[in-house]
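# Observations on chain architecture
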Amino acid sequence: MRPELTLPTGQASSPTDRRLNALLRHLSSSSSSAMDTNNSISPSPTSAFQHDSVFSHVVQAPEDPILGVTVAYNKDPSPVKLNLGVGAYRTEEGKPLVLNVVRKAEQQLVNDRARVKEYLPIIGLAEFNKLSAKLIFGADSPAIQENRITTVQCLSGTGSLRVGAEFLAKHYHQRTIYIPLPTWGNHPKVFTLAGLSVKTYRYYDPATRGLNFQGLLEDLGSAPAGAIVLLHACAHNPTGVDPTLQQWEQIRQLMRSKKLLPFFDSAYQGFASGSLDADAQSVRMFVADGGECLAAQSYAKNMGLYGERVGALSIVCKTADVAGKVESQLKLVIRPMYSNPPIHGASIVAAILRDRNLYSEWTIELKAMADRIISMRHQLYDALRARGTPGDWSHIIKQIGMFTFTGLNSKQVTFMTKEYHIYMTSDGRISMAGLSSKTVPHLADAIHAAVTRVV
Ligand code: PLA
């Protein structure tokens, strides 16, 4: 019944073919003897292919609300198309940017013949961790000097959030995390899958296009004692609205008095104001009071290392002893997840952070990116004013960081995509970093048309 597995006759003339035929005969005889002892196996070798897939019940999932925008953009053949979806920096020419310091650091790494490709430790590159902590908490942070912080290298900001959340789900007495409304679309998924239960606190007021500070204080004030609170360290995504330093201080007092645990997401340090120190003020305030907190750092945006997946999770503890034990448990979270992190991106970051010249060159390039984004805000604002577009657009210049939360509704967004080939998330967020002087008029035309033609 079973077809004999052999090469076609007449072709088995060379020694290689004869060896191959012998092997095929051996394989078919050993598999038929296995079959003899197991009558339940179908006698037809093709029948497995005729059945439905064991995965035929799997339904088509929707594209990711942010990364899916790029998928749609890539399919559009229009020459005027514009991707303002994902937060990725582009130059005035609309091209992705590799920072000069990154190229220099990579060259150094390539030239160093002593470098090897061995596994990193579970918590990553030690020097990278030390320098990352210094970057966010400040070089003179007492918590660093007292060894009260454990920092572990993770897979960019997302991986750092996930590792921190898994640790909390396992070792912290409160499983509820409060996230701002709205927030980065991936936050609820990351935290839920890690085993935390997600609730929201009021953050943004659509009427003022600013912070709903009263709502925020009320919601955090009524959160159960000990609850975890996700805070965007700076350049809140998607709203571009940050609390002032005075408001941060009030938030700190409230959170400390209620023993709420801060979990900072720092994905844009340096991108908000152009200053690395100024953008870390919120985090440093919460460390200066001696209390505990978590911080997830990403180098995707501020070093342009999007695809290198390099970031860090820090947990600030009360004592060095606790920090050591926490670190030992973080290793148990990481090891079965991805074993240990990749070496290349962390080596680039360490090379830049350790070298005085490269570091200062980095701050200049970073400031230039932040300034270009701010200039895009002014150009877009001016272009809408020049067109007499109905509405108050001053939030475009007031908001901070990579994004403008325009206030456009999903119908208007759909219209802009269909008629103008402008791609953005359906909540009306646009990545200002994807704009250039050349594309501002096209975007302003599209917004004007959307606002005047689509309700
Ligand atoms: N946290 C916030 C607030 C973010 O906006 C992002 C990225 C991350 C964490 C994760 O970044 P990382 O893992 O790449 O370091 N948000 C982007 C990209 C820029 C994305 O959605 O993945 C965005 O367009 O919103």
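All values reported here derive from a predicted model rather than from experimental measurement. (Residues numbered from 1 in each chain as written. Predicted model: local features only at pLDDT ≥ 70, side-chain atom pairs only at ≥ 80, totals over all residues. Heavy atoms only, no water.)

## Concerning the side chain of Glu 365
What counts is decided by this rule: Secondary structure is summarised from DSSP: a helix means a run of H or I of at least four residues, a strand means a run of E of at least two, and numbering begins at the N terminus for each. The rule is simple: take the accessible area with a 1.4 Å probe, protein chains only, and divide by the maximum for that residue type; under 20% is buried, over 50% is exposed, in between is partly exposed. The sign given to each residue is positive for Lys and Arg and negative for Asp and Glu; His and the chain ends receive no count. By definition here, a salt bridge exists when the distance from a side-chain nitrogen of Lys or Arg to a carboxyl oxygen of Asp or Glu is within 4 Å. We call two N or O atoms a polar contact when they sit within 3.5 Å, provided that within protein one can donate a hydrogen and the other can accept it, with sequence-adjacent residues counted only if both atoms are side-chain atoms.
Summarising the element assignment, Glu 365 is placed in helix H14 (residues 356–387). Of the side chains bearing the opposite charge, Lys 104 lies closest to the buried Glu 365, which forms no salt bridge; the N-O distance is 7.2 Å. A polar contact of 2.8 Å, which involves the side chain of Glu 365, links it to the backbone nitrogen of Asn 100. Engagement of the side chain of Glu 365 in a polar contact is seen with the backbone nitrogen of Val 101, the distance being 3.0 Å.

## Let's talk about helix H5 (residues 126–137)
Condition: In a helix, the anticipated span is given by 1.5 Å times the number of residues less one.
For H5, spanning 12 residues, the distance from its first C-alpha to its last is 17 Å, which sits close to the expected 16 Å at 1.5 Å a residue. Residues of H5 that are buried include every one of Phe 128, Asn 129, Leu 131, Ser 132, Ala 133, Leu 135, Ile 136 and Phe 137, and no others. Immediately downstream of H5, the backbone of Gly 138 shows phi near 100 degrees, a positive value.

## Details of the confidence of the model for the protein chain
Operational definition: Every residue is assigned a pLDDT by the predictor, reflecting its confidence on a scale from 0 to 100. Only heavy atoms enter the contact rule, under which two residues are in contact if any of them lie within 4.5 Å.
Residues of the protein chain with pLDDT of at least 70 account for 89%, and the chain-wide mean is 91. pLDDT under 50 marks residues 1–12. Its contacts with residues more than four places away, or in other chains, come to 22 contacts. A low-confidence stretch, residues 26–41 (pLDDT under 50), is modelled with six contacts involving residues beyond four sequence positions or located in other chains.

## Re the site of the ligand
Quick reminder of the rule: If a single non-hydrogen atom of a residue is within 4 Å of a molecule or strand, that residue counts as near it. The Shrake-Rupley method, run with a 1.4 Å probe, gives the accessible areas here. Residue values count only the displayed protein chains as cover. Residues were grouped as follows: Ala, Val, Leu, Ile, Met, Phe, Trp, Tyr, Cys and Pro as nonpolar; Asp, Glu, Lys and Arg as charged; and all remaining residues, including Gly, as polar.
Within the structure, the ligand sits among 18 residues, and Ser 156, Thr 158, Asn 237, Asp 265 and Ser 298 are positioned closest to it. Measuring from a nitrogen atom of the ligand, one finds a side-chain N or O atom of Asp 265 at 2.6 Å. For the ligand, whose accessible area on its own is 540 Å², the fraction buried by protein is 93%. Per-element tally for the shell around the ligand: the top contributor is helix H7 (residues 156–171), with three residues. For the shell around the ligand, the per-class residue count stands at seven nonpolar, seven polar and four charged.

## Quick word on the environment of Gly 195
Assignment of secondary structure puts Gly 195 in the loop between helix H8 (187–194) and strand S4 (197–202). Among the residues examined, Gly 195 registers a relative accessible area of 42% and is labelled partly exposed.

## Details of the pairing of strand S3 (residues 176–181)
Working note: regular strand, side chains alternate between the two faces of the sheet. Our working rule: If DSSP finds at least two bridges between two strands, the strands pair. For a crossover, the right-handed case is the one in which the path from the first strand over the helix to the second runs clockwise, viewed with the strands pointing away from the viewer.
Counting buried residues along S3, five of its six residues qualify, which places the element largely inside the surrounding structure. Two elements, S3 and S4, share six bridges in a ladder whose sense is parallel. Bridge assignment links Ile 179 to a residue of S4, and that residue is Thr 200. Remark: the S3/H8/S4 crossover connection has right-handed handedness. In this structure, S3 lies alongside strand S7 (residues 228–232), joined through two bridges in parallel fashion. Residue pairing for S7: Ile 177 is matched across the bridge by Ile 228.

## Focus on the pairing of strand S2 (residues 149–155)
In terms of residue burial, S2 counts as a mostly covered element, since six of its seven residues are buried. Examined bridge by bridge, S2 and strand S10 (residues 310–316) share seven bridges and lie antiparallel to one another. Among the inter-strand pairings, Thr 150 is bridged to a residue of S10, identified as Ile 315.

## A look at the sheet that holds strand S8 (residues 261–266)
We count it as follows: Axis geometry follows a simple rule: fit a line to the C-alpha atoms, using only the stretch in contact for helices, then measure angles between N-to-C directions, giving values from 0 to 180 degrees.
Strands sit in the order S2-S10-S9-S8-S7-S3-S4 across an open sheet of seven strands; the sheet is mixed. Taken across any chain shown, the strands that pair with only one partner, and hence form the sheet edges, are S2 and S4. Each adjacent strand pair in this sheet contributes to an overall mean axis angle of 25 degrees, direction not counted. Packed onto the sheet, helix H12 (residues 320–338) meets S2 and S10 and runs at close to 10 degrees relative to S2.

## Brief notes about helix H16 (residues 410–420)
Every α-helix winds through 3.6 residues per turn, so residues three or four apart in the chain are directed the same way. Considered for burial, the residues of H16 that qualify are Gln 412, Val 413, Phe 415, Met 416, Thr 417 and Tyr 420. Looking at the buried residues of H16, the elements they touch are strand S12 (422–423) and helix H17 (440–453). By the N-cap criterion, in which a side-chain oxygen at the helix start approaches the backbone nitrogen of a residue two or three places on, H16 is capped by Asn 409, the distance to Lys 411 being 3.1 Å. Once H16 ends, the next one or two residues include His 421, with phi positive near 60 degrees.

## Section: the packing of helix H10 (residues 245–257) against helix H11 (residues 281–288)
Heads up, the rule is: Each helix crossing is assigned a hand: it is left-handed if the near helix lies turned anticlockwise from the far helix by less than a right angle, otherwise right-handed if that turn is clockwise.
At a minimum axis distance of 10 Å, the contact between H10 and H11 shows a crossing angle of 35 degrees. For the pair H10 and H11, the sense of crossing is right-handed. On H11, the residues touching Leu 245, Trp 248, Glu 249, Ile 251, Arg 252, Met 255 and Arg 256 of H10 are Gln 281, Ser 282, Met 285 and Phe 286.

## Topic: a nonpolar patch on the surface
Applicable threshold: Like charges are joined within 9 Å and nonpolar side chains (Val, Leu, Ile, Met, Phe, Trp, Tyr) within 5 Å, but only among residues with over 30% relative accessible area and no salt bridge; these make up the patches.
Taken together, Val 54, Phe 55 and Val 58 make up a surface patch of nonpolar side chains, about 350 Å² in accessible area. By the secondary structure assignment, Val 54 is in the loop between helix H2 (47–50) and helix H3 (67–75). Given the relative accessible area of 67%, Val 54 is considered exposed.

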